[in-house]
Amino acid sequence: MIRNKLLLFSSLLALLVVFSCNYQEQEKNSSPVTRQLSESQYNEKYRPQIHFSPDSMWMNDPNGMVYYDGEYHLFYQYYPEDIVWGPMHWGHAISTDLVRWEHLPIALYPDEHGYIFSGSAVVDHNNTSGLGTEEQPPMVAIFTYHDAEAADKGSIDYQTQGIAYSLDRGRNWTKYDQNPVLPNPGLRDFRDPKVMWYPREEMWIMSLAAGDHIRFYSSPDLIHWDFEGEFGSNAGAHGGVWECPDLFPLMVGSVKKWVLLVSINPGGPFGGSATQYFIGQFNGKTFVNDNSDSAILWLDHGRDNYAGVTYSNIPEKDGRRIFIGWMSNWDYGQEVPTKRWRSAMTIPRTLELKNTEEGIRLFSRPVIELETLRKDTTRLNIGLIPENQNITIPLEIPCEIDLQFTTNGNHPEADSRFGLSLFNAMGEQMTIGFRPAEQEFYTDRRSSSKRVFNEGFESVQYARFNPEDGQIEMRLYIDVSSVELFAGDGEVVMTDLFFPVEEYDSLTFFSQDTEAILQKGILYSLQPIW
Ligand code: FRU
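Residue positions within a chain follow its written sequence, with the count starting from 1. Only residues with pLDDT of at least 70 are given local features in this predicted model, and only at 80 or more are side-chain atom pairs given and counted; all residues enter the totals for whole chains, interfaces and linings. To get the side-chain values, all heavy atoms of the structure are used, and hydrogens and water are removed first.

**Observations concerning the overall build of the chain**
Argument step 1. Helix and strand definitions follow DSSP, with helices as H or I runs of at least four residues and strands as E runs of at least two, each counted in order from the N terminus. The helix and strand inventory of the chain stands at 2 helices and 35 strands.
Argument step 2. Two things to know: the radius of gyration comes from C-alpha atoms, and the globule rule equals 2.2 Å times the number of residues to the power 0.38. In summary, the chain has a C-alpha radius of gyration of 24 Å against a globular reference of 24 Å for 530 residues, a match within 12%.
Argument step 3. Buried means the residue's accessible area, taken with a 1.4 Å probe over protein chains only, is under 20% of the maximum for its type, while exposed means over 50%, and partly exposed covers the values in between. Within the chain, the proportion of its 530 residues that are buried is 59%.
Argument step 4. For this analysis, residues touch if any pair of their heavy atoms sits within 4.5 Å. Put simply, 63% of the contacts in the chain that link residues at least 6 apart link residues at least 24 apart.

**Examining the nonpolar core**
Argument step 1. Core analysis: the largest hydrophobic core is formed by 36 residues, its most contacted members being Leu-403, Phe-405, Leu-420, Leu-422, Phe-441 and Phe-509.
Argument step 2. Elements with a contribution of two residues or more to this core: strand E26 (399-407), strand E27 (417-423), strand E28 (429-435), strand E31 (472-479), strand E32 (482-487), strand E33 (492-497), strand E34 (506-512) and strand E35 (516-526). What is meant by a nonpolar core is a set of buried Ala, Val, Leu, Ile, Met, Phe, Trp, Tyr and Cys residues, joined one to another through side-chain atoms within 4.5 Å.

**Notes on the site of the ligand**
Argument step 1. One heavy atom suffices: a residue is near a molecule or strand as soon as one of its heavy atoms comes within 4 Å of it. Taken together, Asn-60, Asp-61, Gln-77, Trp-85, Met-88, Phe-117, Ser-118, Arg-191, Asp-192, Glu-243, Tyr-306 and Trp-330 make up the full set of residues adjacent to the ligand.
Argument step 2. Between the ligand and Asn-60 there is a distance of 3.0 Å, counted from an oxygen atom to a side-chain nitrogen or oxygen.
Argument step 3. With respect to the ligand, the backbone of Ser-118 contributes an N or O atom lying 3.1 Å from an oxygen atom.
Argument step 4. Residue burial considers only the protein chains on display, and all accessible areas are found by Shrake-Rupley using a 1.4 Å probe. Protein contact buries 95% of the 320 Å² of open area that the ligand shows by itself.
Argument step 5. Secondary structure elements with two or more residues in the shell around the ligand: strand E1 (57-68), strand E5 (115-123) and strand E9 (191-198).
Argument step 6. Here the term charged refers only to Asp, Glu, Lys and Arg, the term nonpolar to Ala, Val, Leu, Ile, Met, Phe, Trp, Tyr, Cys and Pro, and the term polar to all other amino acids, Gly among them. Across the shell around the ligand, the residue classes break down as 5 nonpolar, 3 polar and 4 charged. For the purposes of these results, a polar contact is taken to be a pair of N or O atoms within 3.5 Å, where, inside protein, one atom must be able to donate a hydrogen and its partner to accept one; residues adjacent in sequence count only when each atom of the pair is a side-chain atom.

**A short note on the pairing of E27**
Argument step 1. Of all 7 residues making up E27, 6 are buried, and the element is well covered by its neighbours.
Argument step 2. When DSSP finds two or more bridges between a pair of strands, those strands are recorded as paired. Sheet topology places E27 next to E34; 7 bridges connect them, and they run antiparallel. Bridged to Leu-420 within E34 is Phe-509.
Argument step 3. Alignment of E27 against E28, held across 6 bridges, turns out to be antiparallel. Along E28, the bridge assignment pairs Ser-421 with Thr-431.
Argument step 4. Hairpin geometry of E27 and E28 is characterised by an intervening segment of 5 residues between the two adjacent antiparallel strands and by a positive phi of about 85° at Gly-427.

**Quick notes on the packing of aromatic side chains**
Argument step 1. In this scheme Phe, Tyr and Trp rings, the latter by its six-membered ring, pair at centre separations within 6.5 Å, and the angle between planes marks the pair as stacked below 30 degrees, edge-to-face above 60, and tilted otherwise. This model, assessed by the stated rule, comprises 39 aromatic pairs.
Argument step 2. Note on Phe-75 and Trp-173: the rings are 5.6 Å apart at their centroids and 85° apart in plane angle, and the pair reads as edge-to-face. Placement of Phe-75 in strand E2 (residues 71-79) and of Trp-173 in the loop between strand E7 (159-166) and strand E8 (174-175) is noted, with a sequence separation of 98 residues between them. Across the pair, exposure class does not vary: Phe-75 and Trp-173 are buried alike.
Argument step 3. Their ring planes at 70° and their centres at 6.1 Å tell us that Trp-90 and Phe-143 sit as a pair that is edge-to-face. In this pair, Trp-90 is assigned in strand E3 (residues 89-95) and Phe-143 in strand E6 (residues 139-146), connecting sequence segments 53 residues apart. With respect to burial, Trp-90 and Phe-143 carry one shared label: buried.
Argument step 4. A network of ring pairs unites the aromatic residues Tyr-42, Phe-52, Tyr-76, Tyr-78, Trp-101 and Trp-530 as a single cluster.
Argument step 5. Note that Lys-45 overlies the ring of Tyr-46, its terminal NZ or CZ placed 5.0 Å from the centroid.
Argument step 6. Above the ring of Trp-341, the side-chain terminus of Arg-47 is found at 4.0 Å from the ring centroid. By definition here, charges over rings are those cases where NZ of Lys or CZ of Arg is within 6 Å of the ring centre and within 35 degrees of the ring normal.

**Notes on the side chain of Thr-443**
Argument step 1. Relative to the elements of secondary structure, Thr-443 occurs in strand E29 (residues 440-444).
Argument step 2. At a separation of 2.8 Å, a polar atom in the side chain of Thr-443 contacts the side chain of Gln-461.
Argument step 3. Beyond its immediate sequence surroundings of up to four residues, Thr-443 is in contact with Met-430, Thr-431, Ile-432, Ser-459, Val-460, Gln-461, Met-494 and Asp-496.

**Here we look at the sheet that holds strand E10 (residues 203-210)**
Argument step 1. Strands sit in the order E9-E10-E11-E12 across an open sheet of 4 strands; the sheet is antiparallel. Edge positions in the open sheet fall to E9 and strand E12 (226-231), since each of these has one partner strand only. This sheet shows a mean twist of 25° between the axes of neighbouring strands, independent of strand direction.
Argument step 2. In terms of strand pairing, strand E11 (residues 213-219) meets E12 through 5 bridges, oriented antiparallel. In the strand pairing of E12, Tyr-217 is matched with Phe-227. Lines fitted to C-alpha atoms define the axes, with helix axes restricted to the stretch in contact, and inter-axis angles between N-to-C directions lie between 0 and 180 degrees.

**A look at the sheet that holds E1**
Argument step 1. Strand order in the open sheet formed by 5 strands is E4-E3-E2-E1-E20, and the pairing between neighbours is mixed. Bordering the open sheet on either side are strand E4 (102-108) and strand E20 (341-342), each of which pairs with just one other strand.
Argument step 2. In this structure, E3 lies alongside E4, joined through 4 bridges in antiparallel fashion. In the strand pairing of E4, Trp-90 is matched with Leu-108.

**Notes on the confidence of the model for the chain**
Predicted coordinates in regions of low pLDDT should not be interpreted in detail.
Argument step 1. Note on scores: pLDDT gives the predictor's confidence for each residue, bounded by 0 and 100. Summarising the model, the chain shows a mean pLDDT of 92, and 92% of its residues fall at 70 or more.
Argument step 2. Below a pLDDT of 50 lies the segment residues 1-38, which in the model reaches 19 contacts outside its immediate sequence neighbourhood of four places, other chains included.

**Notes on unusual backbone geometry**
Argument step 1. Between Asn-265 and Pro-266 the backbone carries a cis peptide bond, its omega angle lying at -10°.
Argument step 2. Structurally, the position occupied by Pro-266 is in the loop between strand E14 (255-265) and strand E15 (274-282).
Argument step 3. In the segment running from Ile-397 into Pro-398, the intervening peptide bond is cis, with an omega of 5°.
Argument step 4. Although it is not a glycine, Cys-244 adopts a positive phi angle of roughly 45°.
Argument step 5. On the secondary structure map, Cys-244 appears in strand E13 (residues 241-252).
Argument step 6. Unusually for a residue other than glycine, Ser-343 sits at a positive phi of about 95°.
Argument step 7. Note on placement: Ser-343 falls in the loop between E20 and strand E21 (349-356).
Argument step 8. Here Ser-343 falls in the buried class, since its relative accessible area comes to 9%.

**With respect to a negative patch on the surface**
Argument step 1. Negative charge collects at one region of the surface, where Glu-357, Glu-358, Glu-468, Asp-469 and Glu-473 lie side by side.
Argument step 2. Tracing the backbone through its elements, the reader meets Glu-473 in strand E31. Patches in this entry comprise residues that are over 30% relatively accessible and not in a salt bridge; like charges within 9 Å are linked, as are nonpolar side chains (Val, Leu, Ile, Met, Phe, Trp, Tyr) within 5 Å. When a carboxyl oxygen of Asp or Glu lies within 4 Å of a side-chain nitrogen of Lys or Arg, that pair is called a salt bridge. For this count, His and the chain ends are skipped, Lys and Arg are scored as positive, and Asp and Glu as negative. To locate a charge, take atom NZ for lysine, CZ for arginine, CG for aspartate or CD for glutamate.

**Re the environment of His-89**
Argument step 1. In this fold, His-89 is placed in strand E3.
Argument step 2. In this structure the C-alpha to C-alpha distance between His-89 and Tyr-165, which are 76 residues apart in sequence, comes to 15 Å.
Argument step 3. If sequence neighbours within four positions are ignored, His-89 has contacts with Tyr-76, Gln-77, Tyr-78, Pro-80, Ile-106, Leu-108, Tyr-109, Pro-110 and Ile-116.
Argument step 4. Here the side chain of His-89 touches Pro-87 through a polar contact of 3.0 Å, landing on its backbone oxygen.

Now the structure itself:
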């Protein structure tokens, strides 16, 4: 009897040992296994060709975007075991040009404090943290720990902030041994730290999402944090929880303003998740909104740009504010019909503030480095698109299309519209256009695929735009399963996914109940980034 018990015990022990060895093996091996892919795997159905995507498995938010020593780091919310969300890690990739990426091993694994949720990274040049030396400044990642077990048990303080550092250009990471550095003050949602150096006070400032508002903390050393103030419970959109803030200064002419990005899920203008922004002042303690509390400003009017934030430590002589977002939406992100991986990032964009008739607005433009992907150039000498007629040309994806339209007539009919549709022989089509009477751009993916994987996916999105000089400019980046529209010099941005059964291979210019003139059109075929 005793022997049997012992046997049972020892076989259980053996099982446990095998299991934990396997687990460790898996941990160690999962990244190399997922990284070594043959070229053909980057030609899988729906695989983006000019956008960053993980080589396999699930990805959501971009994290820890930081520039250091010639490299742009892109970390990201990653679950290496499945193509749906799960215990979060930080995946890692680097680029020297923001366009072509190299996959690196997973940077941060979950530990006894929880999963590794979203956050940021900075280069601590003055070694304020003491985690490196001045000669060898540490790269410090600041992230949220999500204690899933505590959450399951019904506690509310299961999110805390932790840090990790690297002394070898982001290749190897050590978790700080006294994590968490910012405990939970009793708030259910308490996450996504975005940290910046604030020269005026010679302090680090952390913006943190806390349910329906943003909290600001300061620290001399990235380790000890003091609460300074909060913003937003009464301002902007509140249709869902606030997440992934980013606070940064931008000039408008010679005036310095502060921009606060806040992602919200759900409650986006077209359903699901979206990113809003505020313009105002930051006084070291809190954000002071220039606009009324009821004003809502959206960063992107498409459905697929979420949780985006900007790069830290971009050199002063470059001076750009570079943004990348998760090109998906929590409404359907886990259901999109890709097989071995899920999700991609938006193309990187430069953010700028400009004066418009409605006030100061945030403009987004594709980073200039994307021009290095241009391969063949086709000039489209199309001119007049006669009323209710189509002009069709072959489409090669990926491509960039730069268009400049004007319309005839000052009194357009209510439903007149013009623009372009991507389509194929199956009749699947994705349309991007402008409606002069309503003065709005729109993207229409109601017929983008014969295969419906999520009812709510089939939608039309709108973005108001007043073309002062009657010129309608559109710059489009078209990839295998996405389109990004930049219009009005970046005032209007629309990012939308599509998943046709067959790849689109034709492009039609159309003009409905109006006559549009395509004054200029250039089509660039693009080299894949992989
Ligand atoms: C945003 C988000 C963050 C969180 C992360 C978890 O998409 O919900 O608030 O840190 O995703 O993966």
